[in-house]
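Each chain is listed here by its residues.
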Amino acid sequence: MVHHQPALLFLCSSGGMDVIFTLQGDPSLFVASAASQLLVHMLTFSLESETSKALSTKDYDWPACAQMIVRHIQESLQSSSASHMEQSLKLLSSLFGSCFGSCYAAWTEVLWLDIAKQIESFLLEEAVPAQPLLASLLLNVARSPVFCGTEGSFWALVTSALEHLTPVQAGPLAVGLLKLCKCPQDVRIQALTVLLQPMDCILRAASQPLECAGLLDESVSDPGTVESLLSSKTTCAGLLCQTLAHLEKLLSLKHLRVDLPCVSLLRSLMTILQFCNGFLSPTSPLGSTISRNLINCCRVQKSALDVLAALSEEKDCDTLIGSLFDVLLAYLQSPNTSPTVLKKTFQATSKWLVHVQELSCSNSQWQQTEKILEDVFVVLQKRLCSPCWEVRDSSLEFLTAMVKCLRGQKEFRQCLLSSEVLRLTENLLEDPESYVRASAVTAVGHLALITCFAPESPLTGNQYNKENIVAKLQEILSTDSEGFPRRAVISIFTKWLREGCTGQLEDTEQFVSRVIQTVERDLDWEVRLGGLELVEVFCSQTICQLSQCPYAPVSSAVTSSTPQKELLQVFCRAKLFGFLFGSLCDCDKPVGQRACDVLVGLRGHFYPVSTLENPQEVEDSPAGRGIAWLQRTLRQGSLAQNFPRDGGGGVDFQNPESMMLALGAIDLLELHDELNKSSDHVEESPQSLLQDILATVGTIEDNEVDCY
């Protein structure tokens, strides 16, 4: 701290401070922001340097530098210049936003008491100035340790802000307060009321008098302000999208310290969606105006569907299930539903189907669920045949989501197998769009868990048997010209392997071997990486089957036992080692890193630590010469070109003895470190970054100075 005192004294000179104050208003946002941050650091630094003394509760006893900055803040807040006032509010917001330590508490409280009256006067003005900045400042002050208790005057100021700020500006303040642990409960309830006002207005606008009580018993601010905003074409969608985004954020919190009126909220969401697609014709003038403003508004539809999906996690909405699915099915069926809105509708529908399934399990209402599922599959069949590829893609993603969540339910399987969905999905494996083919692969792979790999798979025709499905996906892996479908295939194959769908060990060994031989030639590095994940799963499962203690290094007494030899033979027959060692030299670093991870894991299983303490013993074995050469070749990164794959003097990747020696002799940990050592320390150094910038803008002298 002592080393910085001369610089601080220089900056705190009258001329230096005036320059920094002026730069706060620089037309460059970067310069203005930097000037503001510099003032924050100077203020905190000058006060921290006095920590050995007891700081006075009066700022006139503070260091000269701190007094100059505080005086500048106070003068700017009282200035008739809006820009000066905004600069000080930004500075204060940044200051309180960075003061979270307990050591800041004393002087930040003094500072706040100095400016609180001025902030309060802003809120009482007829046209509240700089509303976003005021909201940000109050929220940052509320987060600071100064007000850990329930100090009355500050929270009274917060409630005044919630009352006087416009709904658009009060919204971010309200949601921020609701996320705080220490906010007083009455302020928290008021903040929630602010957020719910637009939703309350929607409900009231759609209802006959006294038909619906709305969401709120009373409003925080003038309800007419919200009505006016929703009545305007230019502000209606913006207010609703902001409100819905805040509500979605609240619903994602694990512990919300205030109860949401979920049933009324769900009803208001359904109303918004019906306004947007024209399925609701309100009789009130306000309702008619809002409906006209929202018709076919995709922004609001997507936001409402996001909140609708989040509400599926909540309880007590069961009485509206029927009406809710009427709205969702109307969107799924309507030709006017845009592809992006349809995707959101599918996502919300899958979430609520899970909710309905859980509900039906508890109260035996499967009849309602079956009817919903039947209607959904009818719509899905139609959407899978859409001329729009985005719609086909979303439909397949929806199908996959349903299978993941509902495949264990008998009623779901019955609805699926009695529809045309299986056939249509398989047809889409040949879709002209690669995204659709990839989604079809994923859907077919998950459907196979029902049609092929389930303990009692239903008889649905020869085209759905395991061999046929596997052959089709292997053909895609071998021949598809696009990377997305091939990545999807390797991902599905890995999933099947994890779930034990590939049969006995001998069948699995052959399956993995075929996949490896295809994947190692693939030009897409993500496909090769997926192949390594498949190998890793296969190794783990095989070790589990053939070893007494899975995943654990074996003792030296057991390294030559039959299970170990059998393991090596299985891995060699499956051609694992050629793929793994070859991948070490892959031009794409993630592939090499993953291959090395797998090999390190295998070595840890086959070799105890004591065996590797003297690697010379391994290297001096009959195959040691070849192994040493392999190690040098790997370090040179030229294995793929130079390493012989047969008996031509090198190591035979399918020879268990050679592979056992290779795992012990090669310094895989050193290779692991080399592969994980990024070149970023060279390529992303300040000097390198400067050179990149100069190369882009030209090397004139001014640019060199700016970059430096």
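Definitions and limits used
- Chains are numbered independently. Their residues run from 1 in the order of the written sequence.
- Local features are withheld for residues below a pLDDT of 70 in this predicted model, meaning they are given only at 70 or higher, and side-chain atom pairs are given and counted only at 80 or more; totals for whole chains, interfaces and linings count all residues.
- Remark: hydrogens and water are excluded; side-chain values derive from all non-hydrogen atoms of the structure.
- Put simply, DSSP marks the helices as runs of H or I at least four residues long and the strands as runs of E at least two long, and each gets a number from the N terminus on.
- When accessible area is computed with a 1.4 Å probe and restricted to protein chains, residues below 20% of their type maximum are described as buried, those above 50% as exposed, and intermediate ones as partly exposed.
- By definition in these notes, contact holds between two residues if any of their heavy atoms fall within 4.5 Å.
- To measure how exposed things are, a 1.4 Å probe is used in the Shrake-Rupley method; for residues, cover is taken only from the protein chains shown.
- Here a polar contact means two N or O atoms within 3.5 Å. Within protein one must be a hydrogen donor candidate and the other an acceptor candidate, and residues neighboring in sequence count only if both atoms are side-chain atoms.
- What a helix is expected to span follows from its residue count: subtract one and scale by 1.5 Å.
- Fitted lines through C-alpha atoms serve as axes, helices being fitted only where they are in contact, and the angles separating the N-to-C directions of these axes extend from 0 to 180 degrees.
- Should an angle fall under 35 degrees it is taken as roughly parallel, and over 145 as roughly antiparallel, whereas 65 to 115 is taken as roughly perpendicular and any remaining angle as oblique.
- By definition, turning the near helix anticlockwise from the far helix through less than a right angle yields a left-handed crossing, and turning it clockwise yields a right-handed one.
- Note that Gly is not counted as nonpolar here; it falls among the polar residues with everything else outside the nonpolar set of Ala, Val, Leu, Ile, Met, Phe, Trp, Tyr, Cys and Pro and the charged set of Asp, Glu, Lys and Arg.
- The nonpolar core is taken to be a set of buried Ala, Val, Leu, Ile, Met, Phe, Trp, Tyr and Cys residues, with the residues joined through side-chain atoms within 4.5 Å.
- The angle between axes fitted to the seven-residue stretch ending at a residue and the seven-residue stretch beginning at it gives the bend at that residue.
- Think of a patch as exposed residues, more than 30% relative accessible area, with no salt bridge, where like charges cluster within 9 Å and nonpolar side chains (Val, Leu, Ile, Met, Phe, Trp, Tyr) cluster within 5 Å.
- The salt bridge definition used is simple: a Lys or Arg side-chain nitrogen within 4 Å of an Asp or Glu carboxyl oxygen.
- For every residue, the predictor assigns a confidence score, pLDDT, that lies between 0 and 100.
- A pair of aromatic rings is counted whenever rings of Phe, Tyr or Trp (Trp by its six-membered ring) have centres within 6.5 Å, and the orientation is called stacked for planes under 30 degrees apart, edge-to-face for over 60 and tilted otherwise.

### Section: the overall build of the protein chain
Next up, step 1: Within the protein chain, the regular secondary structure consists of 37 helices and zero strands.
Next up, step 2: With 708 residues in all, the protein chain has 51% of them scored as buried.
Next up, step 3: In the protein chain, once contacts between residues fewer than 6 apart in sequence are set aside, the share between residues at least 24 apart is 70%.
Next up, step 4: When the accessible area of the protein chain is evaluated, it comes to approximately 33700 Å², of which 51% is carbon and sulfur surface.

### Concerning the environment of Phe147
Next up, step 1: Residue placement: Phe147 occurs in the loop between helix H7 (131–143) and helix H8 (152–164).
Next up, step 2: Given a relative accessible area of 3%, Phe147 falls into the buried group.
Next up, step 3: For the pair Phe147 and Cys183, spaced 36 residues apart in sequence, the C-alpha to C-alpha distance is 9.4 Å.
Next up, step 4: Residues contacting Phe147, with those up to four places away along its chain left out, are Trp112, Val141, Phe154, Trp155 and Lys182.

### Observations regarding the side chain of Asn140
Next up, step 1: Mapped onto the elements, Asn140 comes out in helix H7.
Next up, step 2: A distance of 2.9 Å separates polar atoms of two side chains, one belonging to Asn140 and the other to Ser93.
Next up, step 3: Asn140 has contacts with Ser93, Phe96 and Gly97, leaving out every residue within four places of it along the chain.

### Brief notes about H8
Next up, step 1: For H8, which comprises 13 residues, the first-to-last C-alpha distance of 18 Å matches the rise-based estimate of 18 Å (1.5 Å per residue) to within 8%.
Next up, step 2: Among all positions in H8, only Phe154, Trp155, Leu157, Val158, Thr159, Ser160, Ala161 and Leu162 are buried.

### Some points on the packing of helix H22 (residues 434–451) against helix H24 (residues 483–498)
Next up, step 1: Following both chains from N to C, one finds H22 and H24 inclined at 15°, their axes separated by 8 Å at the closest point. The angle between the axes of H22 and H24 places the two elements in the roughly parallel class. As H22 packs across H24, the resulting crossing turns out to be right-handed. Touching Ser434, Tyr435, Arg437, Ala438, Val441, Thr442, Gly445, His446, Ala448 and Leu449 of H22 are Phe484, Pro485, Ala488, Val489, Ile492, Lys495 and Trp496, all from H24.
Next up, step 2: Partitioning the contact of H22 with H24 into residue classes produces 11 nonpolar, four polar and two charged.

### Section: the nonpolar core
Next up, step 1: The biggest cluster of nonpolar side chains holds 214 residues, and the ones touching the most others in it are Trp112, Leu177, Trp496, Phe571 and Phe577.
Next up, step 2: In this structure Trp112 touches Phe96, Ile119, Leu137, Leu138, Val141, Phe147, Phe154 and Leu157, once residues within four positions along its chain are discounted.

### Notes on the environment of Glu120
Next up, step 1: Inspection of the secondary structure puts Glu120 in helix H6 (residues 105–124).
Next up, step 2: Considering only alpha carbons, one finds Glu120 and Ala161, 41 residues apart in sequence, at a separation of 8.5 Å.

### Structural notes on helix H10 (residues 185–206)
Next up, step 1: End to end, H10 covers 31 Å across 22 residues, agreeing with the expected 32 Å (1.5 Å per residue, within 8%).
Next up, step 2: At Leu196, H10 is bent by approximately 45°, the largest bend along its length, and proline Pro198 sits one to four residues beyond.
Next up, step 3: By the criterion of burial, H10 is predominantly enclosed, with 17 of the 22 residues buried.

### Concerning a nonpolar patch on the surface
Next up, step 1: A cluster of nonpolar residues, Val19, Leu23 and Val31, forms a patch on the protein surface that exposes about 200 Å² of accessible area.
Next up, step 2: Of note, Val31 is situated in helix H3 (residues 29–48).

### Regarding the environment of Leu123
Next up, step 1: Within the secondary structure, Leu123 sits in helix H6.
Next up, step 2: Assessed through its relative accessible area of 0%, Leu123 is described here as buried.
Next up, step 3: On a C-alpha basis, the gap between Leu123 and Ala161 in space is 6.3 Å, while along the polypeptide they are 38 residues apart.
Next up, step 4: Leave out the neighbours within four places in its chain, and Leu123 touches Val128, Leu134, Leu157, Ser160, Ala161, His164 and Leu165.

### Let's talk about the pattern of salt bridges
Next up, step 1: Counted under the stated rule, the structure contains 18 salt bridges.
Next up, step 2: Asp306 is paired through a salt bridge with Lys344; the nearest N and O atoms lie 3.0 Å apart. A residue pair is termed long-range when its members are at least 10 positions apart, and Asp306 in helix H15 (residues 298–311) and Lys344 in helix H17 (residues 339–363) qualify at 38 residues.
Next up, step 3: You can call Asp306 buried: its relative accessible area is 19%.
Next up, step 4: Arg486 serves as the salt-bridge partner of Asp522, at 2.7 Å between the closest nitrogen and oxygen. Placement of the pair is Asp522 in the loop between helix H25 (505–519) and helix H26 (525–546) and Arg486 in helix H24, with a sequence separation of 36 residues. Both residues of the pair, Asp522 and Arg486, count as buried.

### Some details on unusual backbone geometry
Next up, step 1: Positive phi, normally seen in glycine, also occurs at Asn296, with a value near 60°.
Next up, step 2: Examined against the element boundaries, Asn296 turns out to sit in the loop between helix H14 (285–294) and H15.
Next up, step 3: The phi angle at Lys575 is positive, at roughly 65°, despite the residue not being glycine.
Next up, step 4: Inspection of the secondary structure puts Lys575 in the loop between helix H27 (562–573) and helix H28 (576–584).
Next up, step 5: Of the residues examined, Lys575 reaches a relative accessible area of 31% and is grouped as partly exposed.

### Points about the packing of helix H16 (residues 321–333) against helix H18 (residues 366–384)
Next up, step 1: Two elements in contact, H16 and H18, have axes whose closest approach is 10 Å; the angle formed by their N-to-C orientations is 10°. With respect to H18, the axis of H16 lies roughly parallel. On the side of H16, the interface is formed by Ile321, Gly322, Phe325, Leu329, Tyr331, Leu332 and Gln333, while H18 contributes Gln368, Ile372, Asp375, Val376, Val379, Lys382 and Arg383.
Next up, step 2: For the contact of H16 with H18, the class distribution of residues is eight nonpolar, three polar and three charged.

### So, the confidence of the model for the protein chain
Next up, step 1: Averaged over every residue, the pLDDT of the protein chain is 83; residues scoring 70 or more account for 79%.
Next up, step 2: Every residue in residues 617–627 is under pLDDT 50, and counting partners more than four places away or in other chains gives 17 contacts.
Next up, step 3: The low-confidence segment residues 703–708 (pLDDT under 50) makes nine contacts with residues lying over four places distant or belonging to another chain.

### A short note on the packing of aromatic side chains
The description of two aromatic rings rests on the distance between their centres and on the angle between their planes.
Next up, step 1: Under the criterion given, the structure shown has 15 aromatic pairs.
Next up, step 2: Centre to centre, the rings of Phe493 and Phe511 are 5.0 Å apart; their planes meet at 75°, and the pair counts as edge-to-face. With Phe493 in helix H24 and Phe511 in helix H25, the pair connects residues that are 18 residues apart, well separated along the chain. For the pair Phe493 and Phe511, a shared accessibility class is recorded, and that class is buried.

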